[in-house]
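Take a look at the letters that make up each chain.
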Amino acid sequence: MDIIGQLITSFIATAAFGVIFNAPKETLVKCGFVGMGGWIIYFILEKYTGDAVLATLGATLFVGIVSQELAKFYKTPVIIFSVAGIIPLVPGGLSYDTMRNFVEDDFLQAMALGAKVTLLSGSIAFGLVFSEVINQVVRKVKGSMTNKV
């Protein structure tokens, strides 16, 4: 039952952010599914590996690759799907806790949380860049295969 709640809330959150982000109306459901898929991958990987950074990287790779495929298929910019899809993965709560601990002079806890926020944010950036690299390699391989035939 827990996974159904995760699916529903991540879909709603991602689609709602698409509204705030002014994504075209016809892409809102697709944005919701991209974010939902990324969040479920994160949720499952984090639950079974216990490593939030690895889970974030895996989910971001999924979001990036699916966003590029949807953008090609529907002839829309990739950013519409990728930004909305990444939203559930952004460590906003941890960032808030980091700043709160700095303000409360708990510097040791703030530094630990800040390091985790940095790792999670870095894995999001790396996942988006690496998904583009995967896309370019696939295009190049497909292009070389069609040229030989």
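We now turn to the structure provided with this report. (Residues numbered from 1 in each chain as written. Predicted model: local features only at pLDDT ≥ 70, side-chain atom pairs only at ≥ 80, totals over all residues. Heavy atoms only, no water.)

Looking at the packing of helix H2 (residues 28-49) against helix H4 (residues 78-86)
Their axes nearest at 8 Å, the elements H2 and H4 cross at an angle of 45°. Judged by the inter-axis angle, H2 sits oblique to H4. The chirality of how H2 crosses H4 is right-handed. Residues Lys30, Cys31, Val34 and Gly35 of H2 lie in contact with H4, whose contacting residues are Ile80, Phe81, Ala84 and Gly85. For the contact of H2 with H4, the per-class residue count stands at five nonpolar, two polar and one charged. (Axes fitted to C-alpha atoms, helices over the stretch in contact; angles between N-to-C directions. Helix = DSSP H or I, 4+ residues; strand = E, 2+ residues; numbered from the N terminus. Parallel < 35°, antiparallel > 145°, perpendicular 65-115°, else oblique. Left-handed = near helix turned anticlockwise from the far one by under 90°. Contact = heavy atoms within 4.5 Å. Nonpolar A, V, L, I, M, F, W, Y, C, P; charged D, E, K, R; others polar.)

Side note on a nonpolar patch on the surface
There is a patch of nonpolar side chains on the surface, built from Phe126, Val129, Phe130, Val133, Val137, Val141 and Met145 and spanning about 640 Å² of accessible area. Along the chain, the position of Phe130 falls in helix H6 (residues 107-148). Overall, the relative accessible area of 35% leaves Phe130 in the partly exposed class. (Patch = residues over 30% accessible without salt bridge, like charges linked within 9 Å, V, L, I, M, F, W, Y side chains within 5 Å. Areas by Shrake-Rupley, 256 points an atom, 1.4 Å probe, with all protein chains shown as cover. Salt bridge = Lys/Arg side-chain N within 4 Å of Asp/Glu carboxyl O. Buried < 20%, exposed > 50% of the residue type's maximum accessible area, 1.4 Å probe, protein only.)

Looking at the nonpolar core
Core analysis: the biggest nonpolar cluster contains 21 residues, and Cys31, Trp39, Tyr42, Phe81, Ile86 and Leu89 have the highest contact counts within it. Residue contacts for Trp39: discarding those within four places in its chain leaves Gln6, Ser10, Pro88 and Leu89. (Core = buried A, V, L, I, M, F, W, Y, C linked by side-chain atoms within 4.5 Å.)

Section: helix H5 (residues 92-103)
Taking 1.5 Å of rise per residue, the 12 residues of H5 would be expected to cover 16 Å, and the 17 Å separating its terminal C-alpha atoms lies within 8% of that figure. Positive backbone phi, approximately 65°, marks Asp105, located one or two places after H5. (Expected span 1.5 Å × (residues − 1).)

Focus: H2
With 22 residues, H2 extends 31 Å from end C-alpha to end C-alpha; this agrees with the ideal 32 Å at 1.5 Å per step. Residues of H2 that are buried: Leu28, Cys31, Gly32, Val34, Gly35, Met36, Gly37, Gly38, Trp39, Ile40, Tyr42 and Phe43. Buried residues belonging to H2 abut helix H1 (2-20), helix H3 (52-74) and H4. Gly50 sits one or two residues past H2 and shows a positive phi near 75°.

With respect to the pattern of salt bridges
Evaluation of the coordinates by the stated rule reveals three salt bridges. Residue Arg100 pairs with Glu104 through a salt bridge whose shortest N-O separation is 3.4 Å. Among the residues examined, Arg100 registers a relative accessible area of 33% and is labelled partly exposed.

Considerations on the packing of aromatic side chains
The geometry of two aromatic rings is summed up by the distance between their centres and the angle between their planes. Following the criterion strictly, the structure yields six aromatic pairs and no others. Seen from their ring centres, Phe126 and Phe130 are 5.7 Å apart, and the 5° between their planes marks the pair as stacked. Within this pair, Phe126 and its partner Phe130 are both found in helix H6, separated by four residues, close to a single helical turn. On the accessibility criterion, Phe126 (49% relative accessible area) is partly exposed. (Phe/Tyr/Trp six-rings, centres within 6.5 Å; stacked < 30°, edge-to-face > 60°.)

Section: the side chain of Ser82
By secondary structure assignment, the location of Ser82 is in helix H4. Given the relative accessible area of 11%, Ser82 is considered buried. Among all residues touching Ser82, those that are not within four sequence positions of it are Val63, Ser67 and Leu128.

Remarks on the environment of Ser95
Locating Ser95 in the fold gives a position in helix H5. For Ser95, a relative accessible area of 30% translates into the label partly exposed. In sequence terms Ser95 and Val117 are 22 residues apart; their C-alpha atoms lie 6.3 Å from each other.

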